[in-house]
Amino acid sequence: MAAKLSLLTALLGLANAQRPGSAPEVHPKLITQRCTLRDGCKPATNYIVLDSLAHPLHQKDNNYNCGDWGQPANATACPDVESCRDNCIMEGIPDYSKHAVTTSGSDLKLTMFNDEGNFISPRVYLLDDTEHKYEMLHLTGQEFTFEVDARKLPCGMNSALYLSEMEAEGGKSDINPGGAYYGTGYCDAQCFTTPFINGVGNLDGKGSCCNEMDIWEANSRASHVAPHTCNKPGVYLCEGEECTSTGVCDKPGCGWNPYRVNITDYYGNSPDFRVDTSRIPITVITQFPADPETGKLKAIKRMYVQDGKLIKAHEVDVPGLPKTNVMDDEFCAATNAEHYLRLGGTVGMGEALTRGMVLAMSIWWDEGGQMKWLDSIESGAGPCNATEGAPSFITTVEANPEVTYSNLRWGDIGSTFTAGCAAKRRRSLAL
């Protein structure tokens, strides 16, 4: 993501402890779907797990933590990785609603505050039906679709649905017996330093890097799609220059936002926009078409369905940029996404999507930058003014911002949505 620091500072003082405690871990169930052109969409059972940072953590013999965000593991509790495992206890979460996470059927709702008014800003991952592994999504040549309710996301908010090249078991090992069941193993292209990486004590303060595909970063006023490539597969521990903006991962990403190409009537919170976030449902479709000869990812495409009608991707028509309605290497080169191209570009992103990535979902705001990169007039990314993104202002507009993601489904391109003529075309293909 373009900026996660404020969300992460909310987690300051917490770290993924390695040894499960006595409190039970109870994962909310979420119904998803797998789709094909021939057989349509079939329901499947998944579960939601909070990031390990959200789990209660304490040292074995006291209530101190095992490290702060941005720092190596606590030297007293963690003189070596085995001691980290033995000294750091991570408790389960028996009631996810107290952490601002609830599910109902195929709906997942995340809120900034829980019912008691405590600030939460949750981030969760999708587990498979065993609850001990993450659901691995392999989306090259596929599409991913969901419904979203963004009505309670004013300027400055970010509801994020994205993919991270985490390990299926969350780094589960003798050192990290909790694994994915407790939400361990997070990484992304920002290469943040955390006290534990893949559940192992980060004694040297390295960064946790991996490929990241931001399918949806949005509020009710602006939206953003961004692949972030790394030139290292899987979870990579960076150090020094490797962790910087010129290192092993592309931090800015190649961005797809209609406002940034002077299209100001495409997405917004009134009937004046082609995609009207003031009304639900909104179906969000992201396609990852592959080259039929090589099988390599060739582009990323965003579409929507609202009121039963397909809303095609906006057409870029700006001097100096290619006329296109997809994000590909030509578009990314023209928009100066040099690090994205240097570190693999569209093909590299596709290789990560082929290997398999984990679905992450969150809601957050940005204390420092006020999410200006996402939605501000100042950055050319949206309609929001210089002060609307401040959290102190956000809560005057919406006391408890929230997002609901619904009907998550993925499969063959053209199989996950229904809209007018597109439905007829798909039915003919399936015959």
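Above this text is the structure in question.
Summary of the structure given here. Keep in mind that this is a model prediction, so the values were computed, not measured.

1. Some points on the environment of Ala290
Here is step 1: Tracing the sequence through the fold places Ala290 in the loop between β20 (282-287) and β21 (301-306).
Here is step 2: Counting along the chain gives 14 residues from Ala290 to Tyr304, while the straight-line C-alpha distance between them is 20 Å.
Here is step 3: Those residues in contact with Ala290 that lie beyond four places of it in its chain are Thr140, Gly141, Gly295, Lys296, Leu297 and Lys298.

2. Some details on the pairing of strand β24 (residues 402-412)
Here is step 1: Burial analysis of β24 places 9 of its 11 residues in the buried class, the great majority of the element.
Here is step 2: The sheet contact formed by strand β2 (residues 29-36) and β24 spans 3 bridges and is parallel. Paired with Arg34 across the strands is Trp410, a residue of β24.
Here is step 3: In this sheet, β24 lies alongside strand β7 (residues 107-111) in antiparallel orientation, the contact comprising 5 bridges. If you follow Lys109 over to β24, its bridge partner there is Thr404.
Here is step 4: Across 7 bridges, strand β10 (residues 142-149) lies against β24 in antiparallel orientation. Residue Glu143 lies in a different strand from β24, and its bridge partner there is Gly411.

3. Section: helix α5 (residues 345-355)
Here is step 1: Turning to α5, its buried residues number three or more, namely Gly345, Thr346, Gly348, Met349, Gly350, Ala352 and Leu353.
Here is step 2: The first or second residue beyond α5 is Gly356, which carries a positive phi of 120°.

4. Focus on the packing of aromatic side chains
The relation between two aromatic rings is expressed through the spacing of the ring centres and the mutual angle of the planes.
Here is step 1: Summed over all chains, the structure comprises 14 aromatic pairs.
Here is step 2: Ring geometry for Phe119 against Trp365: centres 5.5 Å apart, planes inclined by 20°, an arrangement best described as stacked. Placement of Phe119 in the loop between β7 and β8 (123-127) and of Trp365 in strand β23 (residues 357-365) is noted, with a sequence separation of 246 residues between them.
Here is step 3: Aromatic pair Phe146 and Trp216: ring centres 5.8 Å apart, planes at 85°, arrangement edge-to-face. Of this pair, Phe146 sits in strand β10 while Trp216 sits in strand β15 (residues 212-218), placing them 70 residues apart in sequence.
Here is step 4: For Phe146, a relative accessible area of 0% corresponds to the buried category.
Here is step 5: Each residue in the set Phe144, Phe146, Trp216, Tyr266, Tyr267, Tyr304, Tyr405 and Trp410 is aromatic and connected to the rest through ring pairs, giving one cluster.
Here is step 6: Looking at Arg123, its charged tip hangs above the ring of Tyr186, at a distance of 3.8 Å from the centre.

5. Some remarks on the state of the cysteines
Here is step 1: Applying the stated rule across the entire model yields 9 disulfides.
Here is step 2: Shown here is the disulfide that connects Cys66 with Cys88, its sulfur atoms set 2.0 Å apart. Residues Cys66 and Cys88 are joined through a disulfide that is left-handed, its torsion about the S-S bond being -115°. A residue pair is termed long-range when its members are at least 10 positions apart, and Cys66 in the loop between β4 (57-59) and α2 (81-87) and Cys88 in strand β5 (residues 88-90) qualify at 22 residues.
Here is step 3: Classification of Cys66 by relative accessible area gives buried; the value is 0%.

The rules we used
Residue positions are counted from 1 within each chain, in the order its sequence is given. Totals for whole chains, interfaces and linings use all residues, but because this is a predicted model, local features are given only for residues with pLDDT of at least 70 and pairs of side-chain atoms are given and counted only at 80 or more. Neither water nor hydrogens contribute to the side-chain values; these are computed over all heavy atoms in the structure. Numbering of helices and strands starts at the N terminus; helices are DSSP runs of H or I of at least 4 residues and strands are runs of E of at least 2. The criterion used for residue contact is that any of the two residues' heavy atoms lie within 4.5 Å. In this scheme, a residue with accessible area under 20% of its type's maximum is buried, one over 50% is exposed, and one in between is partly exposed, where area comes from a 1.4 Å probe on protein chains only. Strands are treated as partners if at least two bridges between them are detected by DSSP. Two aromatic rings, drawn from Phe, Tyr or Trp (for Trp, its six-membered ring), form a pair once their centres lie within 6.5 Å of each other, and the interplanar angle then sorts them: stacked below 30 degrees, edge-to-face above 60, tilted otherwise. A ring is scored as having a charge over it whenever the NZ atom of a lysine or the CZ atom of an arginine sits within 6 Å of its centre and within 35 degrees of its normal. Disulfide: a pair of cysteine sulfur atoms within 2.5 Å of each other.

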